[in-house]
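The primary structure of each chain is shown beneath.
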Amino acid sequence: MKVIAALFSIVLGVVLLVAANDLPIWGDPESPVSVHLSSYFIEHSVEQTSVPNFVTAVLADYRGYDTMFETAVIFCAGITVMTILRRSHRLRKKNVPPRPVREGQDIIICSAARLIVPMMQLFALYVLAHGHHSPGGGFQGGVIFGASFILLALAYDLKTVLSRLKEKTMMLVSGLGVLVYAGIGVLCLFLGGNFLDYSRLASILQVTEIEARSHGILGVEVGVALTVTCIMLSLYADLASGGEMDEGL
Amino acid sequence: MNIYLDAIVVLLTFVGLLFFHGTTVGILRFPDFYTRMHAAGKGDTLSTMLILFGFAAYQLHHPSTATLLVAGKIIFIAVLVFIASPTATHAIMDAGYESEIGAWSAKDGFVSSCLIRKEKGE
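Residues numbered from 1 in each chain as written. Chains lettered and ligands numbered in written order. Predicted model: local features only at pLDDT ≥ 70, side-chain atom pairs only at ≥ 80, totals over all residues. Heavy atoms only, no water.

1. Quick notes on the overall build of chain A
Looking only at helices and strands, one finds 11 helices and zero strands in chain A. Each helix (α) and strand (β) of chain A, taken in turn from the N terminus, gives the series α-α-α-α-α-α-α-α-α-α-α. For chain A, the spread of C-alpha atoms along the three principal axes comes to 60 × 50 × 35 Å. Residues classed as buried in chain A amount to 38% of the 249 residues present. Taken as a whole, chain A presents about 14600 Å² of accessible surface, with 70% of it coming from carbon and sulfur. (Helix = DSSP H or I, 4+ residues; strand = E, 2+ residues; numbered from the N terminus. Buried < 20%, exposed > 50% of the residue type's maximum accessible area, 1.4 Å probe, protein only. Areas by Shrake-Rupley, 256 points an atom, 1.4 Å probe, with all protein chains shown as cover.)

What follows is the structure in structure tokens.
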């Protein structure tokens, strides 16, 4: 089985390397990106999407399909880590050295975490919602939100966090994030447009087509943030506790 | 008006850099883990805050909603550093103590921590 997997990886790697040969050279002034693509997005993204930050506009609207599968990749990564590490107790006990037991909680670290965690979560929502105007968006906001839970797990312990956000809820919400993204795309299909053509949402949201694209971007960013938050915490919980979800580090 | 503000900005930034210098010298020259972390934690926090306050003061050259917002955000970062940096130093120190890193004393030189525990009678 391992040999097949290794062969598969090698073949795929070679194919990708060969394909990378055909990519334009980095910084090539003759490449399509430099000739007309960048200037088109810079000039037209505001009038077409009413999003001042055209990185967000390109990421979630012009190439929204790509970003949707990026979210799906993160979801798959989380699921994979969980599948590998969350084995049964009987299997684990044979080959895992016991982790050192942590004695008690440090009052200084706990107090600081209690001060910082709400600020972090508020800032994460700000980064998520402000992605239209400044650097930020679903991925960054989600990472900050997930990090706030990880900080809580470091200061207190994993059980405290998992009692607030159950593992089951976590995995459900991370799937829900991808579903929100794809659902918005499908909704656009039902309203008569292409997949992820947010301008079709105008009839539901009672705004102009251009503003609808801006709102659609916010909607998919929320989906991305949900997935990233839960997968961040799930990855930490699985890796730190060796898949046993008990103590952590 | 502006020259006084400039003087404040320069003073804050310069004193901040001075403390950063002390931090660097402390990390390089102090004899053991604990004293080095002491230099890093204290000096780093104060100098970062001083330089950030300098930046915030610089924004007051043209007071308007936009610049005041920027100044407010910088002060917010300073508050975050004030909380987070000493806590992080404490956490690292605590981890070092838990994993029994030795300490230095003027009388005995470098003492490994098993000896410290013996003196305390543990």
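2. Quick look at the interface of chain A and chain B
Tallying the contact residues gives eight residues for chain A and nine residues for chain B. A buried area of about 720 Å², summed over both sides, lies between chain A and chain B, and 77% of it is on carbon and sulfur atoms. Of all residues in chain A, A:Ile109, A:Ile116 and A:Met119 give up the largest surface area on contact with chain B, accounting jointly for 48% of the area buried on that side. Where chain A touches chain B, the interface holds one residue pair in polar contact (both at pLDDT 80 or more). Classifying every residue of the side of chain A that touches chain B by side-chain character gives seven nonpolar, no polar and one charged. (Contact = heavy atoms within 4.5 Å. Buried area = accessible area lost by both parts, 1.4 Å probe. Polar contact = N/O pair within 3.5 Å; in protein donor to acceptor, adjacent residues only side chain to side chain. Nonpolar A, V, L, I, M, F, W, Y, C, P; charged D, E, K, R; others polar.)

3. Structural notes on the packing of aromatic side chains
Residue and element names in this part refer to chain A. Taken as a whole and assessed by the stated rule, the structure comprises seven aromatic pairs over all chains. On the numbers, 5.5 Å between centres and 75 degrees between planes, the contact of tyrosine 65 with phenylalanine 69 is edge-to-face. Of the two residues, tyrosine 65 and phenylalanine 69 are both situated in helix H4 (residues 64-85); the distance of four residues between them amounts to about one turn of the helix. A centroid spacing of 5.8 Å and a plane angle of 90 degrees characterise the contact between tyrosine 65 and phenylalanine 195, whose relative ring orientation is edge-to-face. Placement of the pair is tyrosine 65 in helix H4 and phenylalanine 195 in the loop between helix H9 (167-190) and helix H10 (202-205), with a sequence separation of 130 residues. For phenylalanine 195, a relative accessible area of 27% translates into the label partly exposed. Within the aromatic cluster, the residues linked to one another by ring pairs are Tyr40, Phe41 and Tyr62. (Phe/Tyr/Trp six-rings, centres within 6.5 Å; stacked < 30°, edge-to-face > 60°.)

4. Some words on the pattern of salt bridges
Residues and elements named next belong to chain A. Across all of its chains, the model carries four salt bridges over all chains by this definition. Residues aspartate 61 and arginine 213 are paired through a salt bridge, measuring 2.9 Å at the closest nitrogen-oxygen approach. Here the residue aspartate 61 occupies a position in helix H3 (residues 54-62), and arginine 213 occupies one in helix H11 (residues 209-240), the gap between them amounting to 152 residues. Comparing aspartate 61 with arginine 213, the two get one shared label, buried. Here glutamate 70 ties to arginine 63 by a salt bridge, and the two come within 3.0 Å at their closest N and O atoms. (Salt bridge = Lys/Arg side-chain N within 4 Å of Asp/Glu carboxyl O.)

5. Examining the environment of A:Gly141
Residue and element names in this part refer to chain A. Along the chain, the position of glycine 141 falls in helix H7 (residues 138-155). Along the primary structure glycine 141 and alanine 225 are separated by 84 residues, whereas in three dimensions their C-alpha atoms are 6.2 Å apart. The residues touching glycine 141, leaving out its near neighbours within four places in the chain, are Ala124, Val127 and Leu128.

6. Remarks on a nonpolar patch on the surface
Taken together, the side chains of A:Leu187, A:Leu191, A:Ile204 and A:Leu205 present a nonpolar region at the surface, about 300 Å² in accessible area. Relative to the helices and strands, A:Leu191 is located in the loop between H9 and H10. (Patch = residues over 30% accessible without salt bridge, like charges linked within 9 Å, V, L, I, M, F, W, Y side chains within 5 Å.)

Treat this as a map of the structure, not an account of what it does.
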